[in-house]
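Analysis of the macromolecular model
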Amino acid sequence: VNNQLATILGQLHLSRELLPEGHPVLGRILRAEEATKRCAQTTKALLSFSHQSRPELKPLGLNAVVGETADILDRLLGGRIRLALSLAPGLPPVAGDVERLQQVMVNLGLNALDAVREGGWVRVSCRPADDPETVEIFIDDSGPGVPPEIRERIFEPFFTTKAEGSGLGLPIVHAIVTQHGGTITVEDAPEGGARFALRIP
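Quick caveat: nothing in here was measured; it's all calculated off a predicted structure.

With respect to the overall build of the protein
The number of helices and strands found in the protein is six helices and seven strands. A compact globule built from 201 residues should have a C-alpha radius of gyration of about 17 Å, and the protein, at 18 Å, falls within 12% of that. Within the protein, the fraction of its 201 residues that count as buried is 40%. For the protein, contacts bridging at least 24 residues in sequence account for 68% of all contacts bridging at least 6. Between the averaged position of the 20 positive side-chain charges in the protein and that of its 25 negative side-chain charges there is a distance of 4 Å.

As structure tokens, then:
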């Protein structure tokens, strides 16, 4: 799959180079390139899920990762719902893989988008945990929440409540977080809706 994606990305890049600056099609090609790169990241996440690929953990600043991911999410949400960002200054570095942590947050953000009606909101926040060796990330939404009977199965591979869902989005998230030595749970958000709580060492 990645070989084919590389070919698509190469052809898009060549097409973009042939167009003059300011051409109206350039924006569409750039969006297609971004989507192709996200597909490649999804392929890496699937390999991670099948335990054939391990994340490259390096010290990184979580605020920067969350901020960059929020920019991606904001474009994906397309103004249909509000995205709020809350960062805590002075967070200690975490041992992480930037691309895979971004994949986790994008997957959870898109999951929230499916649950939230137009005009609702999604809030991404990170803060130090009670355990000084851990940082917490919360993704809250204003949707209907996750019923208790579904929470027990929500991270199972191929379990889905969506008619066209693959049932792999949340299991991939769970696998990536686990490979970072972290945990993820789903609970009721303080203001209603669902809260996905990630704890990363």
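There is more to say, and it comes next.
A word on the packing of aromatic side chains
Scanning all chains against the criterion turns up one aromatic pair. Sitting over the face of the ring of phenylalanine 138, arginine 195 holds its NZ or CZ atom 4.1 Å from the ring centroid.

Digging into helix α4 (residues 98-115)
Between its first and last C-alpha atoms α4 spans 26 Å; for 18 residues at 1.5 Å apiece the expected length is 26 Å, and the two agree. Burial in α4 covers these residues: Arg100, Leu101, Gln102, Gln103, Val104, Met105, Val106, Asn107, Leu108, Gly109, Ala112 and Leu113. The N-cap residue of α4 is aspartate 97: its side-chain oxygen and the backbone nitrogen of glutamate 99 are 3.2 Å apart.

Rules of the game
Residues numbered from 1 in each chain as written. Predicted model: local features only at pLDDT ≥ 70, side-chain atom pairs only at ≥ 80, totals over all residues. Heavy atoms only, no water. Helix = DSSP H or I, 4+ residues; strand = E, 2+ residues; numbered from the N terminus. Rg over C-alpha atoms; globule rule 2.2 N^0.38 Å. Buried < 20%, exposed > 50% of the residue type's maximum accessible area, 1.4 Å probe, protein only. Contact = heavy atoms within 4.5 Å. Lys, Arg positive; Asp, Glu negative; His and termini not counted. Charge placed at Lys NZ, Arg CZ, Asp CG, Glu CD. Phe/Tyr/Trp six-rings, centres within 6.5 Å; stacked < 30°, edge-to-face > 60°. Lys NZ or Arg CZ within 6 Å of the ring centre and 35° of its normal. Expected span 1.5 Å × (residues − 1). Polar contact = N/O pair within 3.5 Å; in protein donor to acceptor, adjacent residues only side chain to side chain.

What is shown is where atoms sit, not what they do.
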